[in-house]
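One letter stands for each residue in the lines below.
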Number of protein chains: 2
Amino acid sequence: MQKKHTGNQTICFGKPVYIVGRASAAGPEECKGPLKKHFHICVPDALWGEESFEKAEQKIFEQTVKRAIQSAGKKPQDMDFLVGGDLLNQIISAGYSARELGIPFLGIYGACSTMAQSMIMGAMLVDGNFADYAVCATSSHYATAERQFRFPVELGTPKTPTSQNTVTGGGACVLAASGEAADCLTITGATVGCVVDLGIKDANNMGAAMAPAALETILTHFEDTGKSPADYDMIVTGDLGTFGSELLVDMANKMGVDLSSVHQDCGSMIFEGVPDSCCGGSGCGCGAAVLNGYLLNRMQEGALQRLLFVATGAMLSPTSIQQGESVPSVAHAVVIERSNVQC
Amino acid sequence: MQKKHTGNQTICFGKPVYIVGRASAAGPEECKGPLKKHFHICVPDALWGEESFEKAEQKIFEQTVKRAIQSAGKKPQDMDFLVGGDLLNQIISAGYSARELGIPFLGIYGACSTMAQSMIMGAMLVDGNFADYAVCATSSHYATAERQFRFPVELGTPKTPTSQNTVTGGGACVLAASGEAADCLTITGATVGCVVDLGIKDANNMGAAMAPAALETILTHFEDTGKSPADYDMIVTGDLGTFGSELLVDMANKMGVDLSSVHQDCGSMIFEGVPDSCCGGSGCGCGAAVLNGYLLNRMQEGALQRLLFVATGAMLSPTSIQQGESVPSVAHAVVIERSNVQC
């Protein structure tokens, strides 16, 4: 059997894993941005008919998963595993959704790296022949994240210049071992990140906390695979925001790697031109919605052939910050390629 | 390639995955119980030289992982992946340990089912040829869990009759595709659970919340594999405690399955005869310490040949309980068999 594990952290899948269904959801603020037409679900307001922000977030998770499964022409009972998580304590958005969906559940926590982590694990389940179909998903919500990690939004606490807005939204995709003619999107590799921590203690500067993790995973990916920025049409980070993105490109430059022509950031893209969006979007739902909406649309159209999706997660804990700890971060990278099958 | 996915939720590994190293840790109360001599690390007190209970829990996680890797004759840098999580918000025990250990990190959240979930994912990584070595781990701590989920222990809040004591402890094991003569412990299968919720809203009655999840996973395992209780020397749940264990056996009886002769529970075993231990132990560290200490010792001695380890997790969230939700639970089962190699 072919050894799929190359270098220290990188996996090359034996054969491509197909993305056979996908969906994205975004909230009202996110739908003011330039990517609106690419989101499958536009959530009308912060509560979406529910009694709490947390229940609204669960609805986003559940509806996004259902929509992704539907777009694959399948039903929840066809899914072998749901691999997913979210930002909330005890990953309640994912857990309660799993209860409603009735799909065998593998809960994960990777903070805002969750979409990439779920796709890596889902692709391993499919490629390893453990699953015919795995659905990978995550979500986040501005109001639930702010009140858990910082201040309830009702307080109207002013933002600092480096802060980002947690995206209300989510994304899901269905992975399978073989695709139909229409399924031209494939996962061909992945790099699993180590936890990196350069000592940032500011819960309002997630970009700076996560940029070093993104850099390490990207450099490791190049080292393990022998690839360079030129091998990708886009290297897209999940939610570094504008400040974190600049840091990443600067740090990469100092390491002799020029990312400037290929790097983009989902957090910067989703809120481009939207007033009061600070340094851009963050949260699990940010990269998830932009990837499963805009970016995979662009790939399906043929505008992008090879994408490195690097979702970064700050393992921010109010408890450990109170105890004087800094914010450890992790980044996982997924190689997504457009197959030669005509879309 | 052989299809490893049988039934809806059950995996039969193509070839056995070896447990080539392991370690368990237990706190001072746990070491008053009958299993003391089986724990590799006896934690002397609740702080273990640290400034907070959370930091002490992180030390338990990290030291247990290091000890397991050492017992495999390996070093942290030999590990391809660390698959683990814990009960604390943002899985900080696992996350900060991953930072110190420098092993590529796949964080999971399965509440008290974490040990089984990490072993299932680790075994898939190894069997799928994605890793040479995967280390799987979890931990819990009485004081960190009580203050996060119920009341700070300093308040001295009285216990209810169905309550359990979160175990201070942890467990870790190193999985590999091939074993030495001494590595007679193998993982041969697994059943991934669905999220089950029969409406329990009492955060002090985890046994009742989790018993239906254990039942469903055990029955699914039998259905998917054609096995019965007689195929196992022991079917051991993670932490149902004495009350939840009785419920499980009763419910199974009503479904026509007699578990009474083979069922045991780590939570009941760890505190047997220890005063003030209520309905027994709970927490990720409970099943993890008892499995990686006592149970695998018994298997290595030859006293047990075939074990079904069913770790149950209550996805208890203070936030969702406050919002009137009930406690969803999940159970994952791992088939552990003693290989025919002479130990």
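Scroll up to find the structure this text is about.
All values derive from a computational prediction rather than experimental measurement.

Draft legend 1. Examining the side chain of Ser 326 of chain B more closely. Summarising the element assignment, Ser 326 of chain B is placed in the loop between helix 9 (318–322) and strand 14 (329–338). Among the polar contacts listed, one links the side chain of Ser 326 of chain B to the side chain of Asp 197 of chain B, at a separation of 2.9 Å.

Draft legend 2. Molecular detail of the relation of the copies chain B and chain A. Each copy of the sequence occupies a distinct position, and chain B is placed on chain A by a rotation of 180° and an axial shift of 0.0 Å, giving an RMSD of 0.0 Å. Look at the turn and shift together and you get a two-fold axis relating the two. Most of the interface of chain B is mirrored in chain A, where 100% of its interface residues again form contacts.

Draft legend 3. The arrangement of the nonpolar core in detail. Ranked by size, the top nonpolar core spans 117 residues in total, and within it Val 65, Leu 82 and Ile 235 of chain A together with Val 65, Leu 82 and Ile 235 of chain B carry the most contacts. Here the element with the most residues in this core is helix 5 (residues 206–225) of chain A; it accounts for 10 residues. Setting aside its immediate chain neighbours within four residues, Leu 82 of chain B contacts Phe 61, Val 65, Ala 98, Leu 101, Ile 103, Pro 104, Phe 105, Leu 106, Val 135 and Ala 137 of chain B. Formed by 110 residues, the second largest nonpolar core is a distinct cluster that contains Met 119 and Phe 309 of chain A together with Ile 11 and Leu 291 of chain B.

Draft legend 4. Fine view of the packing of helix 5 of chain A against helix 6 (residues 241–254) of chain A. Residues and elements named next belong to chain A. Closest axis-to-axis distance for the helix 5/helix 6 pair is 8 Å, and the angle between their directions is 40°. The orientation of helix 5 with respect to helix 6, classified from their angle, is oblique. Once helix 5 is placed against helix 6, the crossing between them reads as right-handed. Only Phe 243, Gly 244, Leu 247, Leu 248, Met 251 and Ala 252 of helix 6 make contact with helix 5, whose side of the interface consists of Gly 207, Ala 208, Ala 211, Pro 212, Ala 214, Leu 215 and Ile 218.

Draft legend 5. Region of interest: the interface of chain B and chain A. Contact with chain B, which involves 61 residues of that partner, is made by 61 residues of chain A. Between chain B and chain A, roughly 5100 Å² of surface is buried when both sides are summed, and carbon and sulfur atoms account for 61% of that area. Joining chain B to chain A, the criterion identifies 4 salt bridges. At the boundary of chain B and chain A, one finds 22 residue pairs in polar contact (both at pLDDT 80 or more). Residues of the side of chain B that touches chain A, tallied by class, amount to 28 nonpolar, 22 polar and 11 charged.

Draft legend 6. Inspection of the environment of Arg 22 of chain B at higher detail. All names here are of chain B. Considering the arrangement of structural elements, one finds Arg 22 in strand 2 (residues 10–26). Ignoring any residue separated from it by four or fewer positions in sequence, one finds Arg 22 in contact with His 40, Ala 68, Ser 71, Ala 172, Cys 173, Leu 185, Asn 292, Gly 293, Leu 296, Asn 297 and Gln 300. From its side chain, Arg 22 meets the backbone oxygen of Asn 292 in a polar contact 2.8 Å long. At a separation of 2.7 Å, a polar atom in the side chain of Arg 22 contacts the side chain of Gln 300.

Conventions used here
Throughout this document, residue positions are counted from 1 along each chain, in the order its sequence is written. Starting at A for chains and at 1 for ligands, labels are handed out in the order in which the entities are written. In keeping with the predicted nature of the model, local features appear solely for residues at pLDDT of at least 70, side-chain atom pairs appear and are counted solely at 80 or more, and the whole-chain, interface and lining totals rest on all residues. Calculation of side-chain values draws on the structure's entire complement of heavy atoms; hydrogens and water are dropped beforehand. Numbered from the N terminus, helices here are DSSP runs of H or I no shorter than four residues, and strands are runs of E no shorter than two. Polar contact is the term for a pair of N or O atoms within 3.5 Å; when the atoms are in protein, one must be able to donate a hydrogen and the other to accept it, and sequence-neighboring residues count only if both atoms are side-chain atoms. Superposition of the copies used a least-squares fit over C-alpha atoms from residues whose pLDDT is at least 70 in both. Should any heavy atoms of two residues lie within 4.5 Å, those residues are counted as being in contact. Put simply, a nonpolar core is a bunch of buried Ala, Val, Leu, Ile, Met, Phe, Trp, Tyr and Cys residues held in one set by side-chain atoms that sit within 4.5 Å of each other. Accessibility here uses a 1.4 Å probe with only protein chains present; expressed as a share of the type maximum, an area under 20% marks a residue as buried, one over 50% as exposed, and anything in between as partly exposed. Whenever a helix is involved, its axis is fitted only over the stretch in contact; in every case the axis is a line through C-alpha atoms, and angles between N-to-C directions fall within 0 to 180 degrees. Roughly parallel refers to an angle under 35 degrees, roughly antiparallel to one over 145, roughly perpendicular to one between 65 and 115, and oblique to any angle outside these ranges. Throughout, a crossing is termed right-handed when the near helix is turned clockwise from the far one, and left-handed when it is turned anticlockwise from it by less than a right angle. The term buried area refers to how much accessible surface (probe radius 1.4 Å) is lost by two components on association, counted for both of them together. When a carboxyl oxygen of Asp or Glu lies within 4 Å of a side-chain nitrogen of Lys or Arg, that pair is called a salt bridge. The nonpolar class holds Ala, Val, Leu, Ile, Met, Phe, Trp, Tyr, Cys and Pro. Asp, Glu, Lys and Arg form the charged class, and all remaining residues, Gly among them, are polar.

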